[in-house]
Amino acid sequence: MLNVQQILKLFLANFHMIDSYEIKEQRISSIQKFLDEIDASQYNYFTSIKYREYFKEINTNISLLIDFFYHFGLMLRNFQRKEICLEYSSEIDKMITFINFLPVNESYNQELDFKKRKDILVKITPQIEAGNFELFWNFFYMFDVYSSIAKGIKVNNLVFPEFNADTTFTIKNFYHLDLNKAVKNTLDVKDKNTIVFTGANMSGKSTTMKSISTIVLLAHLGIAVPATYCNIPFYDRIFLYFFVNDNLKEGYSHFAQEIMNVKNVLLELQSKNCFAVFDEIFSGTNINDASQITVNTVNGLSKFKNSFFIFSTHLNLIENHLTENKNVLLLNLECLLENNKLLFTYKLKEGWSRLEIGKLLFDQYGLNELLNS
């Protein structure tokens, strides 16, 4: 994870190079197909006369191969390496050595006759048989992945997260990448390990939970996050439960699947620190059962102080049972009701939201009128 961070920082330090470098997938596919089918013995004068189109295609692919490896090798040689990323810098050096061994530098931008093209095929054949091209493609595709991620980080102005050894969970000015005009929020949690979100429908609970979940997941992948600052603990396992459905294959109903999800987390908690998110937990059962087992679940999980849990619920009956738990932070997404009109600010507020707008929305969308017509 930290190694990926360092690699991405290396790519960002070379952003002026990767930003201008582009190669079409079709060209790569043509080169790979050519390498898979090379048979130097078939490249002869007889072929050039009797199978002209085939011979012409080989010549075209040789030119594509030379052009690609020359320019990619040139970029790698100019790629600024850093001591903080020695392992990946070593991989780059190995690829440079491999490309230098290929007859591309001396062949680039040169007029190649039959003999020179034949020599190129003969020289690269042992590299194919030794599996060196396969190693190169593995490197190349990861290079492309790192380049793409670095471009995304640069374009979206993302920041690399920090990890702490305590239970502090801080994310400043975080937002969801899919929103064009996202409202930014800050979460600074100390001495608590459980958040319970409440609030009206459409207030932004699920979006906020997804924003936090995305940041935690990206951080653990070594990728920069959509926030101005992020300092969180490292978790051994991450569980994200949004839109829980029944499991027909295993024979679980919606509620039974919710039970299994909680059980899976509990089993991992016996030996690992976990980050787990439950959106509208236990919505698959009646309100009385849901209220009791939600309180039991929140209170029980909150005892695992080195882990972090996020819930959302519409069960207003359980508020008093959770306010007594010192490990639980109650948050809501602000929603204002003025003159029978709703205003969503999408800003985080402490406390329990008691605003119920289901009947209001039902009427505003004209359902009462349609049902009674």
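Residues numbered from 1 in each chain as written. Predicted model: local features only at pLDDT ≥ 70, side-chain atom pairs only at ≥ 80, totals over all residues. Heavy atoms only, no water.

## Digging into the sheet that holds strand β6 (residues 237-241)
Logical step 1: Strand order across the open sheet formed by 6 strands is β6-β7-β8-β4-β9-β10, with mixed pairing between neighbours. This sheet does not close on itself; its edge strands, each paired only once, are β6 and β10 (341-350). Strand-to-strand twist in this sheet, taken as the mean axis angle between neighbours without regard to direction, amounts to 10°.
Logical step 2: Both strand β7 (residues 274-278) and strand β8 (residues 308-312) contribute to a ladder of 4 bridges, which runs parallel. In the sheet register, A276 faces β8, and the bridge partner there is F309.
Logical step 3: Strand contacts of helix α9 (residues 205-220): β4 (194-198), β6, β7, β8, β9 (328-338) and β10, with the helix running at about 155° to β7, the strand carrying the most contacts.
Logical step 4: Most of the contacts of helix α10 (residues 254-269) go to β6, to which it runs at about 170°, and overall it touches β6, β7 and β8. (Pairing = 2+ DSSP bridges. Helix = DSSP H or I, 4+ residues; strand = E, 2+ residues; numbered from the N terminus. Axes fitted to C-alpha atoms, helices over the stretch in contact; angles between N-to-C directions. Contact = heavy atoms within 4.5 Å.)

## So, the nonpolar core
Logical step 1: Ranked by internal contacts, the top residues of the largest apolar core, which has 79 residues, are F69, F72 and F169.
Logical step 2: Leave out the neighbours within four places in its chain, and F69 touches F98, I99, L102, V104, F133, F136 and W137.
Logical step 3: Formed by 23 residues, the second largest nonpolar core is a distinct cluster that contains F278, I281, F309 and L322. (Core = buried A, V, L, I, M, F, W, Y, C linked by side-chain atoms within 4.5 Å. Buried < 20%, exposed > 50% of the residue type's maximum accessible area, 1.4 Å probe, protein only.)

## Remarks on the side chain of N14
Logical step 1: As for its placement among the helices and strands, N14 is situated in the loop between α1 (2-13) and α2 (15-18).
Logical step 2: A residue is classified by how much of its surface remains accessible, and N14, at 1% relative accessible area, is buried.
Logical step 3: Leaving out residues up to four positions away in the same chain, N14 has contacts with N78, F79 and Q80.

## Some details on helix α7 (residues 114-129)
Quick reminder: α-helices carry 3.6 residues per turn. Residues three or four places apart thus point the same way.
Logical step 1: For α7, spanning 16 residues, the distance from its first C-alpha to its last is 23 Å, which sits close to the expected 22 Å at 1.5 Å a residue.
Logical step 2: Along α7, the positions that sit buried rather than exposed are F114, R117, I120, L121, I124, T125 and Q127.
Logical step 3: You can read the cap of α7 off the contacts: a side-chain oxygen lies 3.3 Å from the backbone nitrogen of K115, and it is on D113.
Logical step 4: A positive backbone phi angle near 80° is found at G131, which sits one or two residues after α7. (Expected span 1.5 Å × (residues − 1). Polar contact = N/O pair within 3.5 Å; in protein donor to acceptor, adjacent residues only side chain to side chain.)

## A short note on the pattern of salt bridges
Logical step 1: Taken as a whole, this structure holds 5 salt bridges when the rule is applied.
Logical step 2: Between D93 and R81 there is a salt bridge, with the nearest N and O atoms lying 2.5 Å from each other. Of this pair, D93 sits in helix α6 (residues 86-101) while R81 sits in the loop between α5 (52-78) and α6, and the two are 12 residues apart along the sequence.
Logical step 3: In this structure, K272 engages E268 in a salt bridge whose closest nitrogen and oxygen atoms are separated by 3.4 Å.
Logical step 4: Salt bridges here are not isolated pairs; linked through shared partners, they connect R237, E268 and K272. (Salt bridge = Lys/Arg side-chain N within 4 Å of Asp/Glu carboxyl O.)

## Considerations on the pairing of strand β2 (residues 169-174)
Logical step 1: Pairing of β2 with strand β3 (residues 185-189), which is carried by 4 bridges, proceeds in the antiparallel orientation. The residue of β3 that forms the bridge with I171 is L187.
Logical step 2: Two elements, β2 and strand β5 (residues 229-233), share 3 bridges in a ladder whose sense is antiparallel. The partner of I171 across the bridge, within β5, is C230.

## Focus: a nonpolar patch on the surface
Logical step 1: A cluster of nonpolar side chains, M202, F362, Y365, L367, L370 and L371, forms an exposed patch at the surface whose accessible area comes to about 650 Å².
Logical step 2: At 3 residues, the largest contribution of residues to the nonpolar patch is made by helix α14 (residues 367-372).
Logical step 3: Mapped onto the secondary structure, L370 falls in helix α14.
Logical step 4: The exposure class of L370 is exposed, given its relative accessible area of 61%. (Patch = residues over 30% accessible without salt bridge, like charges linked within 9 Å, V, L, I, M, F, W, Y side chains within 5 Å. Areas by Shrake-Rupley, 256 points an atom, 1.4 Å probe, with all protein chains shown as cover.)

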